[in-house]
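If you want the building blocks of each chain, they are given just below.
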Amino acid sequence: SSLSPFFPGRFVRAKARAMPMLGLSRGSTAVGSVWRLWVAAATALGAGFLLALVARRRQLRPRPHDDDGDDDEPWVGASAAGALREELEEGPELEEIASSTPLVGAANGRTGRDSDGQVLRPRRRVPPPTGAGEALSAEERRPTLPGRQHVYVKTQGCAHNSSDSEFMMGLLQEYGYILTDKLEDADVCLVNSCTVKNPSQDSAMNLVKRARADGKPVVLSGCVPSADHSVIEGLEGVSVLDVSQIDRIVEVVEQALQGNSVQLLNKRRILPSLDLPKVRRNSCIEIIPISGGCLGNCSYCKTKHARGKLSSYSEDAIVGRALQAAAEGASEVWLASEDTGAYGLDIGTNIANLLEKVADSLPPGMMLKLGMTNPPYMLAHIDAVAKILQRPNVFAFIHVPVQSGSDPVLKAMIREYSIADFSRLVDGLREKVPELLLATDVICGFPAESEEDHQGTLDLVKKYRFAVLNISQFYPRPGTAAARMKRLPTSLTKSRSTEVTALFDSYETNSHMLGREERVWFSDTEPKHGQTVGHTKGYVKVVVKQEDSLLGRSAIVRMRKATKWHLEGEVLGEVR
């Protein structure tokens, strides 16, 4: 028989058992013909069973999006497809409900990812009308058309988080979704969360619960779910998205609107592409994440749980993004990271090389701003970074969080530097860049902080008179080493925070600029006060009477009034 090469043992045994049942012996002349008839019947029966199974699977499997809008076959939501895979493949990864809905990409017309694992941009598939001749109003039609619903996006936290939100909004808008600033007008709510402090996480979760109480599906992204997968336990109708999976936001929103809860929490090794579409909150400012994660292990930090170890973008990718932003009309580029000083250590380069390449590539009139850096890795580049900060197209600004003025507290925080290291970095930069604006952060009431340690922080603030000082009380973040330390009394933490705040409020750093004429780069508007907002080369905030034509441009301004937070000026001219 032709089947014997594939099933030799089973075939011979089945034949030997079947012959007596058919009344045939091995020497019978009718054996061949009868046996062939019996095998043919069995084969037909088996083929029919297989065809039925395939048909059933085709019925349940979501079909790829097509462009003709024809519903040529039944289409069941991804939940059914996931259930079928679980039955047939013994428990799929939750890569989840969303991955069972294929995307159409430019690479091959069928797959949703390219060879590097990046998600290709989907093309919107609009289904046909629900019935022949049936007319629906726009309001009735809106909730049922894929890619036509309204999305409310709330962003919390750092510049990196802001950039992530802008990428997700760009993907959603390109697909056809409509962005709205009002939660009540939204069909789905996207919350891009921050896990640095308890209040920021509580704010995100309260918004999630509020949206769910209004019956809206919610997608929770950002550092909160990325750092702690348990945050949505007991919350129905909430999908979650890891910070490394932001380029899959369209898939997740589609599934959420269909009533599915998606969990994309696996960490991807490859960072989301910098070539994704973007909707900037401020059209003048392009925020470019130069890396994700860090090399530190701070005892109080939850962000490391979310962003992981350092992973840097290539210099070419960052320069390419900056040039794209320039072509789209942006006038400033901000480089963002959890620690810009560590940039490139995983790919054989460094922050000084990157700054030089980006500054060299920017067109005339476009400004560059460096983001937050911790002291340890920036110490090796003091001279090179100072030289770059002196360039006319680079703001003389740096944000170096010190966190405490005490070495014992820094050691308990596992900050990997001393106050002497911090001073060497700051003094070295200020010596070469006198107009440098220095921003820093301090944490009050850390568990290891004594009264002497607290006094060290006050002395540091008095010494450097920081123009920008972010003051936080210590919050024990679950899962961190500091959360296991014995806390100081809440009243003591508050009193120390109040004392540092009072010291910061007691001085100002802008009055020395009164009467000066400075070039100011304008990038924002404060409509409540009727002001256009810009910054000097030394990144001092300057406000003038509102004139929208100044946005994205620079002008010479005479400084008329100094306050704690900004200068008030008058535009003299030389607008460019």
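The following paragraphs examine the structure supplied in this document.

The rules we used
- Residues numbered from 1 in each chain as written.
- Predicted model: local features only at pLDDT ≥ 70, side-chain atom pairs only at ≥ 80, totals over all residues.
- Heavy atoms only, no water.
- Helix = DSSP H or I, 4+ residues; strand = E, 2+ residues; numbered from the N terminus.
- Buried < 20%, exposed > 50% of the residue type's maximum accessible area, 1.4 Å probe, protein only.
- Contact = heavy atoms within 4.5 Å.
- Areas by Shrake-Rupley, 256 points an atom, 1.4 Å probe, with all protein chains shown as cover.
- Phe/Tyr/Trp six-rings, centres within 6.5 Å; stacked < 30°, edge-to-face > 60°.
- Pairing = 2+ DSSP bridges.
- Axes fitted to C-alpha atoms, helices over the stretch in contact; angles between N-to-C directions.
- Core = buried A, V, L, I, M, F, W, Y, C linked by side-chain atoms within 4.5 Å.
- Polar contact = N/O pair within 3.5 Å; in protein donor to acceptor, adjacent residues only side chain to side chain.
- Salt bridge = Lys/Arg side-chain N within 4 Å of Asp/Glu carboxyl O.

**Some details on the overall build of the chain**
Inference 1: If you tally the helices and strands in the chain, you get 17 helices and 19 strands.
Inference 2: Evaluated residue by residue, the chain yields a buried proportion of 50% over its 576 residues.
Inference 3: In the chain, the share of contacts with a sequence separation of at least 24, taken over all contacts with a separation of at least 6, comes to 69%.
Inference 4: On the chain, roughly 27100 Å² of surface is accessible, and the fraction owed to carbon and sulfur atoms is 53%.

**Let's talk about the packing of aromatic side chains**
Inference 1: All told, the structure shown has 11 aromatic pairs when counted by the stated rule.
Inference 2: Among the aromatic residues, those joined into a cluster by ring pairs are Phe395, Phe397, Trp521 and Tyr539.

**Here's the deal with the sheet that holds strand S14 (residues 468-473)**
By definition, the strands of a sheet pair up through backbone hydrogen bonds, in either a parallel or an antiparallel sense.
Inference 1: Spatial strand order, S12-S13-S14: 3 strands in an open sheet with parallel pairing. The sheet is open, and its two edges are formed by strand S12 (397-399) and S14, each paired on a single side. The mean inter-strand angle of the sheet, taken between neighbouring strand axes irrespective of direction, is 15 degrees.
Inference 2: Here helix H17 (residues 490-505) sits on the sheet in contact with strand S13 (437-444) and S14, set at roughly 170 degrees to S14.

**Points about the nonpolar core**
Inference 1: Residues Ile249, Ile318, Leu335, Leu368 and Phe466 are the most contacted members of the largest nonpolar core, which totals 88 residues.
Inference 2: No other element matches helix H5 (residues 159-175), which puts 6 residues into this core.
Inference 3: The residues contacting leucine 335, other than those within four sequence positions of it, are Ile288, Ile290, Ile318, Thr340, Leu354, Leu355, Leu368, Lys369, Leu370 and Gly371.
Inference 4: Core analysis: the next-biggest nonpolar cluster, separate from the first, contains 23 residues, Ala336, Phe395, Val520 and Val542 among them.

**Brief notes about the environment of isoleucine 419**
Inference 1: On the secondary structure map, isoleucine 419 appears in helix H15 (residues 419-432).
Inference 2: Setting aside anything within four residues of it in sequence, one finds isoleucine 419 in contact with Val402, Ser404, Gly405, Ser406, Asp407, Leu410 and Leu460.

**Points about the pairing of strand S7 (residues 285-289)**
Inference 1: Burial of S7 is extensive: 5 of the 5 residues sit out of reach of the surface.
Inference 2: Bridge analysis of S7 against strand S10 (residues 332-336) gives 5 bridges, and the strand direction is parallel. Residue isoleucine 287 lies in a different strand from S10, and its bridge partner there is tryptophan 334.

**So, the sheet that holds S7**
Inference 1: Taking strand neighbours across the sheet as the criterion, the 3 strands line up as S7-S10-S11 in an open arrangement whose pairing is parallel. The outermost strands of the open sheet, each flanked by one partner alone, are S7 and strand S11 (367-370). The sheet shows a mean angle of 20 degrees between the axes of neighbouring strands, direction not considered.
Inference 2: Along the sheet, H5 contacts S7 and S10; its crossing angle with S7, the most-contacted strand, is approximately 105 degrees.

**Some remarks on the side chain of asparagine 374**
Inference 1: Here asparagine 374 shows up in the loop between S11 and helix H12 (375-378).
Inference 2: Among the polar contacts made by the side chain of asparagine 374, one reaches the side chain of arginine 415 at a distance of 2.8 Å.

**Observations regarding the pairing of strand S16 (residues 531-536)**
Inference 1: Within S16, 6 of the 6 residues are buried, which leaves it mostly tucked inside the rest of the structure.
Inference 2: Adjacent in sequence and paired antiparallel, strand S15 (residues 517-526) and S16 are bridged by 4 residues, among which glycine 530 carries a positive phi angle near 65 degrees.
Inference 3: When S16 meets strand S17 (residues 541-545), the two strands line up antiparallel, connected through 5 bridges. Its bridge partner lying in S17, threonine 532 is registered against valine 544.
Inference 4: Between S16 and S17, which pair antiparallel one after the other, the connecting turn spans 4 residues, and tyrosine 539 there sits at a positive phi close to 60 degrees.

**A short note on the pattern of salt bridges**
A side chain with one charge can pair with a side chain of the opposite charge if their charged atoms come near.
Inference 1: Following the criterion strictly, the structure yields 20 salt bridges and no others.
Inference 2: For the salt bridge of arginine 280 with glutamate 328, the shortest nitrogen-to-oxygen distance reads 2.6 Å. Note that arginine 280 is positioned in the loop between strand S6 (263-264) and S7 and glutamate 328 in the loop between helix H10 (315-327) and S10, a separation of 48 residues in sequence.
Inference 3: Given the relative accessible area of 15%, arginine 280 is considered buried.
Inference 4: Classification of glutamate 328 as partly exposed rests on a relative accessible area of 43%.
Inference 5: Here arginine 496 makes a salt bridge to glutamate 451, at a shortest N to O gap of 3.3 Å. Here the residue arginine 496 occupies a position in helix H17, and glutamate 451 occupies one in helix H16 (residues 451-464), the gap between them amounting to 45 residues.
Inference 6: Residue glutamate 451 is classed as partly exposed on the basis of its relative accessible area, which comes to 47%.
Inference 7: Among the charged side chains, a salt-bridge network with shared partners connects Glu166, Lys278, Arg280, Glu286, Arg321 and Glu328.

What is shown is where atoms sit, not what they do.
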